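Below are the chains, spelled out letter by letter.
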Amino acid sequence: HHPGQIFRGLAGVVVDTTTISMVNQETNSLTYRGYPVQELCESCSFEEVAWLLWHGELPTANQLAEFKLVERNRRTLGRNVTSALSRLPEDCHPMDVLRTAISYLGADDPTEGLDDRDHNLAKSIDMFAKLPTIVAFEQRRRRGLEPILPDANLGYAENFLQMCFGEIPPAEQVRAFEVSMILYAEHSFNASTFTARVVTSTLSDIYSAVTAAIGALKGPLHGGANEAVMHLLAEIGDVANVEPWLKQAFVDKRKIMGFGHRVYKNGDSRVPTMTAELRKLTSDGKSADLLATYDALAAAMLRVKDIHPNLDYPTGPVYHLMGFDIPIFTPLFVMSRITGWTAHIMEQLESNSLIRPLSSYVGVEQRKVPTLAG
Ligand code: CMC
């Protein structure tokens, strides 16, 4: 490093310390609070992982029971929120609905202005509990269906899926969904989390930080990639088209969505776990074509470009097979990443320093303002 050296895209720059998660490029591993994410997927519910990210430890049985009770009691949306969301254009992107919803919750919060850790944790749990209701509301609104109210007798995943589809899907789908929530929950200083930390660093409020993070996640280079993956698998259509399609895509200099990563250059550690769930969902053979196209594209990308898939590659088809509309995929990512974002917002506030980098000016040299003729 020398003073004034530019790191475009902040690539390779270490901005701050964190105790929340570690992405290890060398060993291709991801840990949340020291626990390998694969082990968390095997042994924990998403509620336990949310608690872990916020508190640094897994909950005891009592803490978990208490948290579940609070979460179940916070799921219902106020009438003013639903009526505001109902007035948004039906064909707008669901991420716009989420961005508006969180902004509305902030404006509607009677504890606005109270930003100590206890209040911010309560606000985080509130958003965690209400986001599934918002996403399910939007999934049904897009289909012209009435919303289904949350059921306080059901866990996070079952309740959400019932609110979307009117019934609890088969166990392997609930499981695949829960695994996706755990894998999406946290990933260090990714673009949306960093956005949330930048907003927080000005001592703005948690809803403003989350609203901004939703905006960052929407883009196809970040969370929007899971939707883009499904569009491109549909565009390819058939496994026989993979090779010619890819050849043309390279001629057109297209980025292949769901591939590549800023940090992992030898493969995303979350992909094998999620792909295993995709294989289970397709084991009845009904979606053999989709799986064959999925495998063939991954193999071709590796062979031709040496580029591995990222987590958005398997989640796209998993969410499609579960019956979600494609534009709902990135909102599902929000439901999960709300845990990581809010953990980072609270961590930023613990030892805050305004995030304000420098730029190197390369525009025209200083000059005099001319006197206007006439
Ligand atoms: N398709 C085709 N070429 C690619 C891709 C891709 N998906 N990803 C990287 N490359 C090439 C890139 O063109 C470049 O080639 P060259 O050196 O010849 O110019 C080289 O690999 C290095 O790529 P880069 O764009 O400089 O790498 P980056 O670290 O800036 O970009 C990325 C990372 C994720 C933005 C990029 O890989 C990408 O655009 N991928 C597609 C979008 C995507 O799947 N995003 C999800 C990211 S992970 C999960 C999440 O956040 O949701």
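- Naming follows an unreviewed UniProt entry, where the chain appears as Citrate synthase of Kribbella antibiotica.
- According to the UniProt record, the Catalytic activity (unreviewed entry) comment for the chain reads "oxaloacetate + acetyl-CoA + H2O = citrate + CoA + H(+)".
- Regarding the chain, the UniProt comment filed under Sequence similarities (unreviewed entry) reads as follows: "Belongs to the citrate synthase family."

### A look at the overall build of the chain
Phase 1 of the analysis: Assigned secondary structure in the chain consists of 16 helices and three strands.
Phase 2 of the analysis: Its C-alpha radius of gyration of 22 Å places the chain within 12% of the 21 Å reference for a compact globule of 374 residues.
Phase 3 of the analysis: In terms of overall dimensions, the chain has a C-alpha envelope of 75 × 55 × 50 Å along the principal axes.
Phase 4 of the analysis: Evaluated residue by residue, the chain yields a buried proportion of 40% over its 374 residues.
Phase 5 of the analysis: For the chain, the share of sequence-separated contacts (at least 6 apart) that also reach a separation of at least 24 residues comes to 77%.

### Points about helix α13 (residues 271-281)
Phase 1 of the analysis: Here α13 has its buried residues at Val271, Met274, Thr275, Glu277, Leu278 and Leu281. The arc that holds the buried residues of α13, viewed along the axis, is 155°, so those residues lie on one side.
Phase 2 of the analysis: For α13, the secondary structure elements touched by its buried residues are α8 (171-184) and α15 (312-322).

### Some points on the nonpolar core
Phase 1 of the analysis: Formed by 91 residues in total, the largest nonpolar core has its most connected members in Val49, Leu53, Ile182 and Val210.
Phase 2 of the analysis: For this core, the leading source of residues is helix α16 (residues 329-350), giving 10 residues.
Phase 3 of the analysis: When residues of this core are assigned to domains, at least three fall in each of domain 1 (19-219 + 325-350) and domain 2 (225-322).
Phase 4 of the analysis: Non-local contacts of isoleucine 182, meaning those with residues more than four positions away in its chain, are made with Val37, Leu40, Cys41, Cys44, Phe46 and Val49.

### Observations concerning the confidence of the model for the chain
When pLDDT is low, close inspection of the predicted coordinates is not appropriate.
Phase 1 of the analysis: Within the chain, residue pLDDT values average 96, and 99% of them lie at 70 or more.
Phase 2 of the analysis: Among the prediction metrics, the complex's ipTM stands at 0.97, with pTM recorded as 0.96.

### Re the site of the ligand
Phase 1 of the analysis: Surrounding the ligand, one finds 19 residues, the nearest of these being Ala225, Phe259, Gly260, Arg262 and Asn310.
Phase 2 of the analysis: Grouping the amino acids of the shell around the ligand by side-chain chemistry returns seven nonpolar, eight polar and four charged.

### A closer look at the domain arrangement of the chain
Phase 1 of the analysis: The domain architecture assigned to the chain consists of domain 1 (19-219 + 325-350) and domain 2 (225-322).
Phase 2 of the analysis: One C-alpha centre belongs to domain 1, the other to domain 2, and the line joining them spans 25 Å.
Phase 3 of the analysis: At the level of secondary structure, the elements contributing two or more residues to the side of domain 1 that touches domain 2 comprise β2 (29-32), α1 (37-43), α8 and α16.
Phase 4 of the analysis: If one sorts the elements of the side of domain 1 that touches domain 2 by residue count, α8 sits on top with nine residues.
Phase 5 of the analysis: Across the side of domain 1 that touches domain 2, the residue classes tally to 15 nonpolar, seven polar and two charged.

### Brief notes about the sheet that holds strand β3 (residues 35-36)
Phase 1 of the analysis: A sheet is described by the order of its strands in space; here three strands give the open sequence β1-β2-β3, paired in antiparallel fashion. Strands with a single pairing partner mark the edges of an open sheet, and in this sheet they are β1 (21-24) and β3.
Phase 2 of the analysis: With two bridges connecting them, β2 and β3 associate as antiparallel partners. In the sheet register, tyrosine 32 faces β3, and the bridge partner there is tyrosine 35.

### Quick word on helix α5 (residues 94-107)
Phase 1 of the analysis: Helix length check: α5 (14 residues) gives 20 Å between terminal C-alpha atoms against 20 Å at 1.5 Å per residue, within 8%.
Phase 2 of the analysis: Residues of α5 that are buried make contact with α4 (79-86), α6 (117-142), α10 (206-218) and α16.

### Thoughts on the packing of helix α11 (residues 225-236) against α15
Phase 1 of the analysis: α15 packs onto α11 with a crossing angle of 70° between their chain directions and a minimal axis gap of 8 Å. As far as their axial angle goes, α15 and α11 are roughly perpendicular. Contacts from Ala225, Asn226, Val229, Met230 and Leu233 in α11 reach Asp312, Tyr313, Thr315, Gly316, Pro317, Tyr319 and His320 in α15.
Phase 2 of the analysis: In terms of residue class, the contact of α11 with α15 is built from seven nonpolar, four polar and one charged.

### Examining the environment of arginine 279
Phase 1 of the analysis: Within the fold, arginine 279 resides in helix α13.
Phase 2 of the analysis: Here the alpha-carbon distance between arginine 279 and glutamate 57, two residues 222 residues apart in the chain, equals 32 Å.

### Comments concerning the packing of α6 against α16
Phase 1 of the analysis: Running from amino to carboxyl end, α6 crosses α16 at an angle of 175°, the nearest separation of the two axes being 9 Å. If you check the angle between α6 and α16, you find them roughly antiparallel. Side by side, α6 and α16 meet where Arg117, Asn120, Leu121, Ser124, Met127, Phe128, Leu131, Pro132, Val135 and Glu138 of the first sit next to Pro331, Leu332, Val334, Met335, Ile338, Thr339, Thr342, Ile345 and Met346 of the second.
Phase 2 of the analysis: Each residue belonging to the contact of α6 with α16 can be placed in one class, and the counts come to 13 nonpolar, four polar and two charged.

Conventions and cut-offs
- Residues numbered from 1 in each chain as written.
- Predicted model: local features only at pLDDT ≥ 70, side-chain atom pairs only at ≥ 80, totals over all residues.
- UniProt positions renumbered as here; feature names shortened; annotations may be inferred.
- Helix = DSSP H or I, 4+ residues; strand = E, 2+ residues; numbered from the N terminus.
- Rg over C-alpha atoms; globule rule 2.2 N^0.38 Å.
- Buried ≥ 20, exposed ≤ 12 C-beta atoms within 10 Å, placed from the backbone.
- Contact = placed C-beta atoms within 7 Å.
- Arc of directions from axis to C-beta.
- Core = buried A, V, L, I, M, F, W, Y, C linked by C-beta atoms within 7 Å.
- Domains from an automatic or database assignment.
- pLDDT = per-residue confidence, 0-100.
- Near = placed C-beta within 6 Å.
- Nonpolar A, V, L, I, M, F, W, Y, C, P; charged D, E, K, R; others polar.
- Pairing = 2+ DSSP bridges.
- Expected span 1.5 Å × (residues − 1).
- Axes fitted to C-alpha atoms, helices over the stretch in contact; angles between N-to-C directions.
- Parallel < 35°, antiparallel > 145°, perpendicular 65-115°, else oblique.

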